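Per-entry structural report
What follows is the residue order along each chain.
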Amino acid sequence: ATAIGLVCDIRLYLDALLPPVLHCLDDPESRVRYYSCESLYNIAKVARGHVLRYFNQIFDGLCKLFADVDIDVKNGANLL
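Residues numbered from 1 in each chain as written. Predicted model: local features only at pLDDT ≥ 70, side-chain atom pairs only at ≥ 80, totals over all residues. Heavy atoms only, no water.

**Looking at the nonpolar core**
Under the convention used in this document: In this description, a nonpolar core means a group of buried Ala, Val, Leu, Ile, Met, Phe, Trp, Tyr and Cys residues linked to one another through side-chain atoms lying within 4.5 Å. Categorising residues by exposure relies on relative accessible area from a 1.4 Å probe, with only protein chains included: less than 20% of the type maximum marks a residue as buried, more than 50% marks it as exposed, and the intermediate range marks it as partly exposed. Working definition: helices are DSSP H or I runs of at least four residues, strands are E runs of at least two. Numbering for both runs from the N terminus. Whether two residues touch is decided by their heavy atoms; if any such pair falls within 4.5 Å, the residues are in contact.
In terms of nonpolar packing, the biggest core is built from 19 residues, with Leu-14, Leu-18 and Ile-43 touching the most fellow members. At the level of secondary structure, the elements contributing two or more residues to this core comprise helix 2 (10-24), helix 3 (30-47), helix 4 (55-66) and helix 5 (71-79). Here this core gets six residues from one element, more than from any other, and that element is helix 2. Those residues in contact with Leu-18, other than ones at most four positions away along the chain, are Leu-40, Ile-43, Val-51 and Tyr-54.

**Structural notes on the environment of Leu-12**
Relative to the helices and strands, Leu-12 is located in helix 2. Given a relative accessible area of 53%, Leu-12 falls into the exposed group. Along the primary structure Leu-12 and Ala-47 are separated by 35 residues, whereas in three dimensions their C-alpha atoms are 10.0 Å apart.

Read these as geometric descriptors, not functional statements.
See below:
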C-alpha cells in the first residue's frame, strides 16, 4: 500500500521497501510468503523499471515461490 501511495517518488524509497519484502519470501509461514508476494507485486507495479536493480533477488525469490508447497503462494507468484 505504501508503494502505491508513493507513485512518482517510489524510486527514492526502493532501498527501504524491497529488502524486507524479499526477506519475507523465505519465511516459514505460508501467509507471510503470500502477502510478501502480493506486496512485491504492488511495488513492481508502481516502480516498474526501477526494480531492475533488484532483478537477481526478485528472480531468486520467485523461483522459490514457484516451488512452494502451498498452492496459494504458487498462485500469488503466478501473478508476478
